[in-house]
Amino acid sequence: MVSDKHNITTDKGEKVEATAPVIISASRSTDIPAFYAKWFFNRLAKGYCVWYNPFNQQPMYVSFKNCKVIVFWTKNPAPIIPYLPELDKRGIHYYFQVTLNDYEQDGFEPNVPSVKSRIATFRELSELIGKERVIWRFDPMIVTPQLTTDLLLERIRGLHHCLNDYTDKLVFSFVDVKAYRKVQANLVKETSFFTKDDVEQAEMTYEQRMEIVRGLVAMRDMYPKRIQLATCAEDIDLERYKIEHNRCIDGELMKRIFADDEELVYYLHTGKLPERDMFGEIPPLPQKTKDLKDKGQRKICGCMISKDIGMYNTCRHFCVYCYANTSKEAVLKNKDKHNDESESIIG
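The paragraphs below set out a description of the structure included in this document. (Residues numbered from 1 in each chain as written. Predicted model: local features only at pLDDT ≥ 70, side-chain atom pairs only at ≥ 80, totals over all residues. Heavy atoms only, no water.)

### A look at the nonpolar core
Ranked by size, the top nonpolar core spans 81 residues in total, and within it I70, W136, M141 and L216 carry the most contacts. The dominant element in this core, judged by the number of residues it contributes, is helix α7 (residues 206-221), at six residues. Those residues in contact with W136 that sit more than four places away from it in its chain are V98, L100, F122, I156, L159, H160, L163, T167, K169, L170, V171 and I227. V69, C232, L253 and C303 belong to the second largest nonpolar core, which has 24 residues in total. (Core = buried A, V, L, I, M, F, W, Y, C linked by side-chain atoms within 4.5 Å. Buried < 20%, exposed > 50% of the residue type's maximum accessible area, 1.4 Å probe, protein only. Helix = DSSP H or I, 4+ residues; strand = E, 2+ residues; numbered from the N terminus. Contact = heavy atoms within 4.5 Å.)

### Here we look at helix α2 (residues 37-46)
Within α2 the residues assigned to the buried category are A37, W39, F40, F41, R43 and L44. Tucked inside the fold, the buried residues of α2 contact α1 (32-35), β4 (48-52), β6 (69-74) and α3 (84-90). Among the residues trailing α2, G47 stands out with phi positive, at a value near 95°.

### Regarding the pattern of salt bridges
Charged atoms that come close allow side chains of opposite charge to pair. Counted according to the given criterion, the structure contains 21 salt bridges. In this structure, E86 engages R90 in a salt bridge whose closest nitrogen and oxygen atoms are separated by 2.8 Å. On the criterion of helical spacing, the pair formed by E86 and R90 is a turn pair, its members being four residues apart in helix α3. We classify E86 as partly exposed; its relative accessible area is 25%. With relative accessibility at 40%, the residue R90 sits in the partly exposed group. Residues joined by salt bridges that share partners form a network here, namely K68, D261, E263 and R276. (Salt bridge = Lys/Arg side-chain N within 4 Å of Asp/Glu carboxyl O.)

### Let's talk about the environment of L285
Position of L285 among the secondary structure elements: in the loop between α9 (262-270) and β12 (307-308). The spatial distance from the C-alpha of L285 to the C-alpha of E262 is 9.9 Å, given a sequence separation of 23 residues. Those residues in contact with L285 that lie beyond four places of it in its chain are V265, Y266 and H269.

That is the geometry; function is a separate question.
Set out below in structure tokens:
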């Protein structure tokens, strides 16, 4: 089997061992397509990047040698679109998780382009690479005294009308406020809707969540071409509504849309890249598929194993509900440290 480790030579001429993942997540921790597209493709050309563990700040070298798939997460894919032919040329597959919320009036996402602009970019990307490779996310869902569930559903329906022909799936989640102190602090500090005494009301009650669910189902069923609905990292069981638990790093999706890549399909069954025999053939697929769930994610997360190369406190969208940023000040401090020629996002 092909090794998941690879010896590389760094920019400084040092010989080090790097992990060589097959699937790279870019990224749960920051918006690489929006802010670090040039950096990413510089590192792809170099053959590796450096990721720092957020808990102990130890560096990990990540080689692109075995990379077969990149999953991009973004709220603004426009800056990365011109670079995508480079991935096609290298034979690296990719798909996008595109978060397109409508919180323009509420100021929850102060540094994203306008809704109109993001709809246009979403459509452009979908037409370029195929709608099955552009997944629409409306997440997280958040309410305020002014932004009721009815008004939120109205906004989602408006987006759905514009995107229904450009994607196959809508993934949604509900904001987690009680579990994240920094989310509470940012909602109080950066909005006029909450105080420290009532900020937990931004998190929907069970009844409010079910109002949203029923509204989404009604929206889905209105169209001849029905968009698939899925939740992200939610423990609520919605099977009776034909709403599944999503897998954002989705092996089944990869098998379907990248089916011509025999080595990838073999990996998705076994967790190992195959070695070809003397005739160039790969071993037959085993009858039993290995469980490749990412054990580093939350229990209710359905994602398969991948290596995320993003870093916290680097996303400049400044979304008030973000769990990946401690504060706006921390992000701006790291912005000054970034260099597109560096090994890592924070140079």
